[in-house]
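Structural overview for review
Here are the chains, one letter per residue:
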Amino acid sequence: MKLVAAKVPVSTVWTAPDAPRDIDAAAVAAQPDVAAWAKSMDTETRLGLHGRTLTQLLFAEPVLVRSERDGWSEILAPWQPSSNDELGYPGWVPSSHLGELPSSATAPVAVTVPTATLLAEPGAGAPLGELSFATVLASTEHADGYTRVATPDGGSGWLADDVLRSVEEPSKPEDRLRLGALFLGLEYLWGGTSAYGLDCSGLTHAVCRVLGLRIPRDAHDQAAALENISVDEAQPGDLYFFGRPGKQVHHVGFVSPTGMLHASETGKRLEDAPVRDERRATLVAAARL
């Protein structure tokens, strides 16, 4: 296997090369437009992603390539721990979305806003692209309120300091709620881990990545890996987990003063609201990060 990196802002990971539909063309293009793809889908079309999409890779995220076939790469995502494979989350992406790994992240920084413009020069030059929240890059230089970052294929670009934080900086529980609240009203997207759409565990995973906390990608794996606490002891910034009798955990959200900050389900939007009675009936665990 070879280690490479995502060289597009967001690459959607699919169950198989033949999983994308005609309406998904913008997501699998050589230069994907995930914003346009998300905007093009109604609730029925989004429901059709179940069994097709798995997760998403963000710009410069490392990827192990297991095999290649007809312009597609079978990959593992090491930054997204999964019980499906000890090396990382498995799936398929267009090979055109992958490039040479950037230089080592000796001073990693994360994008803390929904989208940030990568520039060729500090405060100037042609935009090199729009990067999503939770993109993590190696910082190499600082100048005039901007940070230079390493990009795939040996390149570099500049991001404004005020859209970044060091992932090594200590964080507090309220930071999770503050960052999660950036996406209130965002429409749920099955497999989403980016600013263009999030699912329940995609939200918690992405927020934790910004704060330097590497947790599994899926809700049931998060429940298994994290420090479990009594539901009655849960405080804002902790996690609630939900599951039906005899089934694995299927939903997760951040405990909030209101109730729960979470990406609910396809057809709904990210909300911070009291936990409804029907959902509370399936509340099975809580965890502290």
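Below, the structure is looked at part by part.

Cut-off values and rules
- Residues numbered from 1 in each chain as written.
- Predicted model: local features only at pLDDT ≥ 70, side-chain atom pairs only at ≥ 80, totals over all residues.
- Heavy atoms only, no water.
- Helix = DSSP H or I, 4+ residues; strand = E, 2+ residues; numbered from the N terminus.
- Buried < 20%, exposed > 50% of the residue type's maximum accessible area, 1.4 Å probe, protein only.
- Areas by Shrake-Rupley, 256 points an atom, 1.4 Å probe, with all protein chains shown as cover.
- Pairing = 2+ DSSP bridges.
- Axes fitted to C-alpha atoms, helices over the stretch in contact; angles between N-to-C directions.
- Contact = heavy atoms within 4.5 Å.
- Polar contact = N/O pair within 3.5 Å; in protein donor to acceptor, adjacent residues only side chain to side chain.
- Core = buried A, V, L, I, M, F, W, Y, C linked by side-chain atoms within 4.5 Å.
- Salt bridge = Lys/Arg side-chain N within 4 Å of Asp/Glu carboxyl O.

Regarding the overall build of the protein chain
- Each helix and strand counted, the protein chain has seven helices and 22 strands in total.
- Counting only C-alpha atoms, the protein chain reaches 50 × 45 × 35 Å along its principal axes.
- A total of 289 residues make up the protein chain; the buried ones form 54% of that total.
- Just so you have it, the protein chain exposes about 12300 Å², and 50% of that area is on carbon and sulfur atoms.

Quick look at the sheet that holds strand β20 (residues 260–262)
- Pairing in this open sheet of six strands is antiparallel, and the strands run β17-β22-β18-β19-β20-β21 from one edge to the other. Either end of the sheet is taken by a strand with one partner, and the two such strands are β17 (227–229) and β21 (271–273). Neighbouring strand axes in the sheet, compared pairwise and without regard to direction, differ in orientation by 35° on average.
- The pairing of strand β18 (residues 239–242) with strand β22 (residues 283–288) spans four bridges and is classified as antiparallel. From the neighbouring strand, Tyr240 faces β22, where its bridge partner is Ala286.
- Relative to strand β19 (residues 251–255), helix α5 (residues 200–210) is tilted by about 45°, and along the sheet it contacts β18, β19 and β20.

Comments concerning the side chain of Thr55
- Here Thr55 is to be found in strand β3 (residues 53–58).
- Only 2.7 Å separates the side chain of Thr55 from the side chain of Arg217, close enough to count as a polar contact.
- Beyond its immediate sequence surroundings of up to four residues, Thr55 is in contact with Ser11, Thr12, Val13, Gln80, Tyr89, Gly191, Thr193 and Arg217.

Details of α5
- Counting buried residues in α5 gives eleven out of eleven residues, a clear majority hidden from the surface.
- Restricting attention to buried positions, one finds in α5 the residues Cys200, Ser201, Gly202, Leu203, Thr204, His205, Ala206, Val207, Cys208, Arg209 and Val210.
- Trailing α5 by a residue or two, Gly212 shows a phi angle of about 80°, which is positive.

Here's the deal with the nonpolar core
- Formed by 45 residues in total, the largest nonpolar core has its most connected members in Trp14, Trp37, Phe133, Val207, Phe241, Phe254 and Leu270.
- Going through the elements one at a time, β2 (10–14), α2 (34–40), α4 (173–180), α5, α6 (219–225), β18, β19 and β22 are the ones with two or more residues in this core.
- Per-element accounting of this core gives the leading share, six residues, to α5.
- In terms of nonpolar packing, the next biggest core, distinct from the first, is built from twelve residues, Phe59, Val111, Leu118 and Val163 among them.

Details of the pattern of salt bridges
- Inspection of every chain in the model, using the stated rule, returns 16 salt bridges.
- The salt bridge involving Glu141 is made with Arg148; its shortest N-O contact spans 3.3 Å.
- Note on Glu141: relative accessible area 34%, which makes it partly exposed.
- Ionic pairing is found between Asp218 and Arg217, a salt bridge with its closest N-O pair at 4.0 Å.
- For Asp218, a relative accessible area of 14% puts it in the buried group.
- For Arg217, a relative accessible area of 0% puts it in the buried group.

Points about the environment of Ile75
- Mapping Ile75 onto the fold places it in strand β5 (residues 72–77).
- Residue Ile75 is classed as buried on the basis of its relative accessible area of 1%.
- Taking the C-alpha atoms as reference points, Ile75 and Gly259, separated by 184 residues in sequence, lie 37 Å from one another.
- Excluding its chain neighbours within four sequence positions, the residues that come into contact with Ile75 are Val13, Leu57, Val63, Leu64, Val65, Tyr89, Pro90, Gly91, Val93 and Leu98.

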